[in-house]
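Take a look at the letters that make up each chain.
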Amino acid sequence: MLASLGLGYAPSVNFIRPVCIFVIAALGIESGAAADQTIVLKAMRMFDGKSKTLVQNGVVIVQGNKIVDAGSNLPVPDGARMIDLGDATLSPGFMDAHTHLTSDYSGNYNELRLKRLELNVSEMAYNAIPWARATIEAGFTTVRDVGSRITNSHDFPDVSLRNAINRGIIAGPRMLVATHGIGATGGHFDPTDGFRDFLFGREPDFTDGIADGPDEIRKAVRFEVKNSADVIKAAVSGGVLSLADEVDTPQFTSAEMTALVDESHRLRKKIAVHCHGDQAAREAIEAGVDSIEHGSFMKPETLTLMKQKGTFLTPTLMAAEYIMSKIDSYPLALQAKAKAATAARSEMFRNAVKIGVKISFGTDAAVFPHGQNAKEFKLMVDLGMTPIDALRSATSIDAELFGIAQKVGTLEKGKLADIIAMPGDPTADITATERVSFVMKEGRVVRNGPAAPSASATSATDDVTLPAD
Ligand SMILES: [Zn+2]
């Protein structure tokens, strides 16, 4: 309600700077500088977020929360505070198009399934604090949170987390949140899937994100926007970590898909769809969705259609990688789905690179422990993407998908000062992205040197939402 009146901290894309320096200092975050102090960042190299090559002797000049200049060998203004990062590469802060920051389903599947029925909503929200910190300390200054649902609760922990970060109460990335995410009865997002019928006393409805038919889908979109969603997420095919669906079956009719896209775009929200199956992906792309999340089984013809329509692909390679690393711990039905999706996704990704589909960096963090997002870069490069294109994917291309390219995503005059540095040259060794050593968000230094011990991405057994892979 506050957001709709313009009074609260919950507008669609919130760039409000942290307001409480004392709170930030207490959290161990360097408070940065007075609003008008000039900070000069220097490093041996600079990636500007969009170019095909690195610049040598990179310099970024920051004043307040903005970049006032960026380039090679720029003169240092008088009185500026200099931070020389040496043999490192400056880059715009990384972005991740697909996270679930208020969840952790990296532990044992069955234990987490029970745990999420036990915890209080407020306890789940507190659990997210170290996950948000681990994410920004890893260099991710903006993320989309594409779904955070609590079985038999209507709370919105992702909205709360976003607002707490924007207020400077806790450390974390700028968040664009999807609230519950929308899906069909019995589909990948149905929170009662796999449980005894009516165990929770009622069938989920649009207030849980479960909607059937074009009118109900429009209502679900409106309900989520009313509750402060920045982006709409829907599951249009089955998924891996859900018990009642096949991984690749379509879950919306074309009329439902059209209503979903039309209503989201009327309300000026991007629509991201979870989709593994080829048929569902084709129908979603034709309907005009903004991004396909996962896309495991997409055929070359479907990828060509994506290229023509300008649809983004968020591959989330890390999700499959992590699940496969401990495949024996999942229920048998899920093991089969995970194996099939993983077997298909490598060829799909190679084809997407060849065809020239716009690839938006996204990981599905929560399926694996938060803070390990950058491991996605190496997986992308191993499957045929050039290192510089992988870096562009996590900066300017994500900013374009998120609709915030005018504010972030490149190191250019006038952009918000979201700046990171990593040791060495990431175009020579892409795993440098996993060793980010400096993080600035909106002109404030979040980290310079080793990560805080508390930011280590511990994998708790405290799940707060349904699996969304
Ligand atoms: Zn997900």
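About the criteria used
Residues numbered from 1 in each chain as written. Predicted model: local features only at pLDDT ≥ 70, side-chain atom pairs only at ≥ 80, totals over all residues. Heavy atoms only, no water. Buried < 20%, exposed > 50% of the residue type's maximum accessible area, 1.4 Å probe, protein only. Helix = DSSP H or I, 4+ residues; strand = E, 2+ residues; numbered from the N terminus. Contact = heavy atoms within 4.5 Å. Arc of directions from axis to C-beta. Phe/Tyr/Trp six-rings, centres within 6.5 Å; stacked < 30°, edge-to-face > 60°. Lys NZ or Arg CZ within 6 Å of the ring centre and 35° of its normal. Pairing = 2+ DSSP bridges. Donors = N, O, S within 2.8 Å, 3.2 Å for Na, K, Ca; no water. Salt bridge = Lys/Arg side-chain N within 4 Å of Asp/Glu carboxyl O. Right-handed = clockwise from strand over helix to strand, strands pointing away. Core = buried A, V, L, I, M, F, W, Y, C linked by side-chain atoms within 4.5 Å. pLDDT = per-residue confidence, 0-100. Axes fitted to C-alpha atoms, helices over the stretch in contact; angles between N-to-C directions.

J.: Hey, could you run me through helix α10 (residues 317-325) in this one?
T.: Turning to α10, its buried residues are L317, M318, A319, A320, Y322 and I323. Buried positions along α10 lie against α11 (332-355) and α12 (375-382).

J.: Before we go on, may I ask you to explain helix α8 (residues 278-287) in this structure?
T.: Of the positions making up α8, those classed as buried are D278, A280, A281, A284 and I285. Buried positions in α8, seen along its axis, are confined to an arc of 160° and lie on one side of it. Tucked inside the fold, the buried residues of α8 contact α7 (254-266), β10 (271-275), β11 (291-294) and α9 (300-309). Positioned one or two residues after α8, G288 has a phi angle of 105°, which is positive.

J.: Is there a simple way to explain the packing of aromatic side chains in this structure?
T.: Aromatic ring pairs are described here by two measures, namely the spacing of the ring centres and the angle between the planes. Within this structure, the stated rule accounts for eight aromatic pairs. For the ring pair Y109 and Y330, a centre distance of 6.1 Å and an interplane angle of 55° mean the geometry is tilted. Here Y109, found in helix α3 (residues 109-118), pairs with Y330, found in the loop between α10 and α11; they are 221 residues apart in sequence, far enough to count as distant. Assessed through its relative accessible area of 7%, Y109 is described here as buried. A relative accessible area of 4% means that Y330 is categorised as buried. Relative to F223, the ring of F206 lies with its centre 5.6 Å away and its plane at 85°, an arrangement referred to as edge-to-face. Of this pair, F206 sits in the loop between β8 (174-177) and α6 (214-226) while F223 is found in helix α6, placing the two residues 17 residues apart along the sequence. The exposure classification of F206 matches that of F223, with both residues buried. Above the plane of the ring of F195 lies R113, whose end atom (NZ or CZ) is 4.1 Å from the centre.

J.: What is the right way to read the sheet that holds strand β12 (residues 312-314) from this model?
T.: Strand-to-strand pairing in sheets goes through backbone hydrogen bonds, with the strands running parallel or antiparallel. Pairing is parallel across the open sheet formed by five strands, whose spatial order is β9-β10-β11-β12-β13. The open sheet has two edge strands, β9 (232-235) and β13 (358-359), and neither has a second partner. Both β11 and β12 contribute to a ladder of three bridges, which runs parallel. Bridge pairing in β12 links S291 to F312.

J.: Any chance you could explain unusual backbone geometry here in plain terms?
T.: For residues other than glycine, phi is negative in most cases, and the peptide bonds are mostly trans. You will see that N73, though not glycine, has its phi angle at about 55°, which is positive. By secondary structure assignment, the location of N73 is in the loop between β3 (66-72) and β4 (81-84). Residue F198 is not a glycine yet carries a positive backbone phi of 60°. One can find F198 in the loop between β8 and α6.

J.: Could you clarify how one ought to interpret the coordination of the zinc ion in this entry?
T.: Ideal geometry at a metal centre gives angles of 109.5 degrees when four donors are arranged tetrahedrally and 90 or 180 degrees when six donors are arranged octahedrally. Here the zinc ion is held by the protein donor atoms H98 (NE2), H100 (NE2) and D364 (OD), which lie 2.1 to 2.2 Å from it. Between the donor residues of the zinc ion, the gaps in sequence give the motif H-x1-H-x263-D. On the criterion of sequence distance, the pair formed by H98 in strand β6 (residues 94-99) and D364 in the loop between β13 and α12 is long-range, its members being 266 residues apart. Here the two residues H98 and D364 agree in accessibility, since each one is buried.

J.: Even after reading the chapter, I still don't get the pattern of salt bridges, so can you show me in this structure?
T.: Opposite charge on two side chains permits them to pair, given that their charged atoms come into close proximity. Enumeration according to the criterion identifies 23 salt bridges in this entry. Salt-bridge contacts for R162 lead to D230; the nearest nitrogen and oxygen are separated by 2.9 Å. Of the two residues, R162 is situated in helix α5 (residues 157-166) and D230 in the loop between α6 and β9; the sequence distance between them amounts to 68 residues. Take D230: its relative accessible area is 7%, and that puts it in the buried class. Each of R218, R222, D262, E263 and R266 takes part in a single network of salt bridges with overlapping partners.

J.: I keep staring at the pairing of β8 and nothing clicks. Help me out?
T.: If a strand is regular, its side chains alternate between the two faces of the sheet. Burial along β8 is two-sided: the residues R174 and L176 and M175 and V177 are all buried. Here strand β7 (residues 140-145) runs beside β8; their pairing, made up of four bridges, is parallel. Paired with T142 across the bridge in β8 is R174. Each parallel crossover has a hand, and for β7 linked through α5 to β8 it is right-handed.

J.: Even after reading the chapter, I still don't get the nonpolar core, so can you show me in this structure?
T.: One recurring pattern in soluble globular proteins is that nonpolar side chains are buried together. Counting 77 residues, the largest nonpolar core has L260, I292 and F377 as the members making the most contacts within it. Setting aside residues no more than four positions away along its own chain, F377 makes contact with F94, F140, F361, A390, L391, A394, I430 and T433.

J.: Help me out: how do you make sense of the confidence of the model for the protein chain in this one?
T.: Note that predicted coordinates carrying low pLDDT should not be read in detail. Mean pLDDT over the protein chain: 89, with 88% of residues reaching 70 or higher. Long-range and interchain partners of residues 1-34, a stretch whose pLDDT sits below 50, account for 67 contacts in this model, where long-range means more than four residues apart.

J.: Please explain the environment of A184 as it appears in this structure.
T.: For A184, the location among the structural elements is in the loop between β8 and α6. When the C-alpha positions of A184 and A234 are compared, they lie 9.0 Å apart, and in sequence the two are 50 residues distant. Excluding anything up to four places from it in sequence, A184 contacts D190, I210, A211, D212, Q251 and F252.

J.: It is not clear to me how the sheet that holds β6 should be interpreted in this structure. Could you clarify?
T.: An order of β6-β7-β8 is seen for the three strands of this open sheet, with the pairing classed as parallel. Only two strands of the sheet have a single partner each, and these edge strands are β6 and β8. Averaged over all neighbouring strand pairs, the angle between strand axes comes to 15°, with direction disregarded. In this sheet, β7 lies alongside β6 in parallel orientation, the contact comprising four bridges. When the sheet's bridge partners are listed, D96 is paired in β7 with V143. The sheet strands contacting α5 are β7 and β8, and the helix crosses β8 at an angle near 155°.

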